[in-house]
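Structural characterization, general
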Amino acid sequence: DTAVSQTPKYLVTQMGNDKSIKCEQNLGHDTMYWYKQDSKKFLKIMFSYNNKELIINETVPNRFSPKSPDKAHLNLHINSLELGDSAVYFCASSQEGLNSPLHFGNGTRLTVT
Amino acid sequence: DQQVKQNSPSLSVQEGRISILNCDYTNSMFDYFLWYKKYPAEGPTFLISISSIKDKNEDGRFTVFLNKSAKHLSLHIVPSQPGDSAVYFCAASGIQGAQKLVFGQGTRLTINP
């Protein structure tokens, strides 16, 4: 009974392709996030959604489009993949509350060739 | 510009001894700080946090110290155990709370038997 699950775990694709990463949480949290861990290992927020509504969009290229069909799911679709998109993408969720800790999924390693 | 920095990429400590992980931040608007622990191929998991109104928070073997004037926090693990071997991320938040955590680049802690 994984709390935050994301699929696939690994994704290898060619430049120019479109791909999606799915995320689901069964914790009943209202807020979900996408983080990117780049080659320098920094974890940086990309998006946050609260109850299906976009709250934060951190200057991410518009090739990245998050979609939240319901508050338990937040998917990430990436168009026209570029080499620089290669990274590990983490989905996370948190309870309502200003400083509620984030619960992370196990990550999706995206490799663009 | 990295607002949260962990200047030691790695740290090696003998089992039973104290592990001290350090973190510096530059943004004086940060008022909440967290430590996350990450094992390979898993997402970060929340470990301990501290509000800026405190200078110390303890949870079992883990203690976080905050020095606001120096914009510095540290995580102490006593006694260190082999299962503590992981990457530790420091994170900070301001007015937007968990909606916008800023992470450091992590310190890899290895506990030697």
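As a starting point, this report considers the structure included with it. Fair warning: this is a prediction, and the values are worked out from it, not measured in the lab. (Residues numbered from 1 in each chain as written. Chains lettered and ligands numbered in written order. Predicted model: local features only at pLDDT ≥ 70, side-chain atom pairs only at ≥ 80, totals over all residues. Heavy atoms only, no water.)

1. A word on the sheet that holds strand β8 (residues 73–78) of chain A
All names here are of chain A.
- One open sheet accounts for four strands, arranged β1-β3-β8-β7; its pairing is antiparallel. Strands with a single pairing partner mark the edges of an open sheet, and in this sheet they are β1 (4–7) and β7 (64–70). Each adjacent strand pair in this sheet contributes to an overall mean axis angle of 20°, direction not counted.
- Two elements, β1 and strand β3 (residues 19–25), share four bridges in a ladder whose sense is antiparallel. Each residue of the ladder has a partner; that of Ser5, found in β3, is Glu24. (Pairing = 2+ DSSP bridges. Helix = DSSP H or I, 4+ residues; strand = E, 2+ residues; numbered from the N terminus. Axes fitted to C-alpha atoms, helices over the stretch in contact; angles between N-to-C directions.)

2. Things to note about the layout of surface pockets
- Looking at the largest pocket, its volume works out to about 650 Å³.
- Taken together, 26 residues make up the lining of the largest pocket; nearest its centre are Lys44, Ile45, Glu58 and Thr59 of chain A together with Lys100 of chain B.
- Of all elements in the fold, only β5 (43–50) of chain A together with β10 (102–103) of chain B reach the threshold of two or more residues within the lining of the largest pocket.
- Looking at which element gives the most residues to the lining of the largest pocket, the answer is β5 of chain A, with four residues.
- Among the residues forming the lining of the largest pocket, the class breakdown is 13 nonpolar, six polar and seven charged.
- Lining the second largest pocket are 24 residues, and of these Gln37, Lys41 and Arg109 of chain A together with Lys38 and Arg108 of chain B sit closest to its centre.
- Counting residues per element, the ones that place at least two in the lining of the second largest pocket are β9 (87–94) and β11 (108–112) of chain A together with β9 (86–93) and β11 (107–112) of chain B. (1 Å grid on protein atoms, 1.4 Å probe; cavity = no way out; pocket = protein on both sides within 12 Å on 5 of 7 lines; lining within 4 Å. Points joined across faces, edges and corners; volume = space filled by probe spheres on them. Nonpolar A, V, L, I, M, F, W, Y, C, P; charged D, E, K, R; others polar.)

3. Considering the pairing of strand β6 (residues 53–57) of chain A
Residues and elements named next belong to chain A.
- Summarising the sheet, β5 and β6 pair through four bridges and their orientation is antiparallel. Paired with Phe47 across the bridge in β6 is Asn57.
- The hairpin turn running from β5 into β6, its antiparallel successor, is two residues long, and Asn51 in that turn takes a positive phi close to 50°.

4. Brief notes about the sheet that holds strand β8 (residues 72–77) of chain B
- Read across the sheet, five strands follow the order β1-β3-β8-β7-β6 (chain B) without closing on themselves; strand pairing throughout is antiparallel. Strand pairing shows two members of the sheet lacking a second neighbour, β1 (4–5) and β6 (56–59) of chain B, which therefore form its edges.

5. Re the interface of chain A and chain B
- Each side of the interface is counted separately: chain A has 25 residues, and chain B has 22 residues.
- Summing the contributions of chain A and of chain B, the shared interface buries around 1,900 Å²; its carbon and sulfur component is 59%.
- Taken as a group, Phe42, Leu43 and Asn99 of chain A account for 29% of the area that chain A buries against chain B, more than any other trio of residues on that side.
- Here chain A and chain B share six residue pairs in polar contact (both at pLDDT 80 or more) between them.
- Put simply, the parts of the chain that give the side of chain A that touches chain B at least two residues each are β4 (31–37), β5 and β6 of chain A.
- Broken down by element, the residue count for the side of chain A that touches chain B peaks at five residues, all from β5 of chain A.
- By residue class, the composition of the side of chain A that touches chain B is 12 nonpolar, eight polar and five charged. (Contact = heavy atoms within 4.5 Å. Buried area = accessible area lost by both parts, 1.4 Å probe. Polar contact = N/O pair within 3.5 Å; in protein donor to acceptor, adjacent residues only side chain to side chain.)

Function cannot be read off these values alone, since they describe shape.
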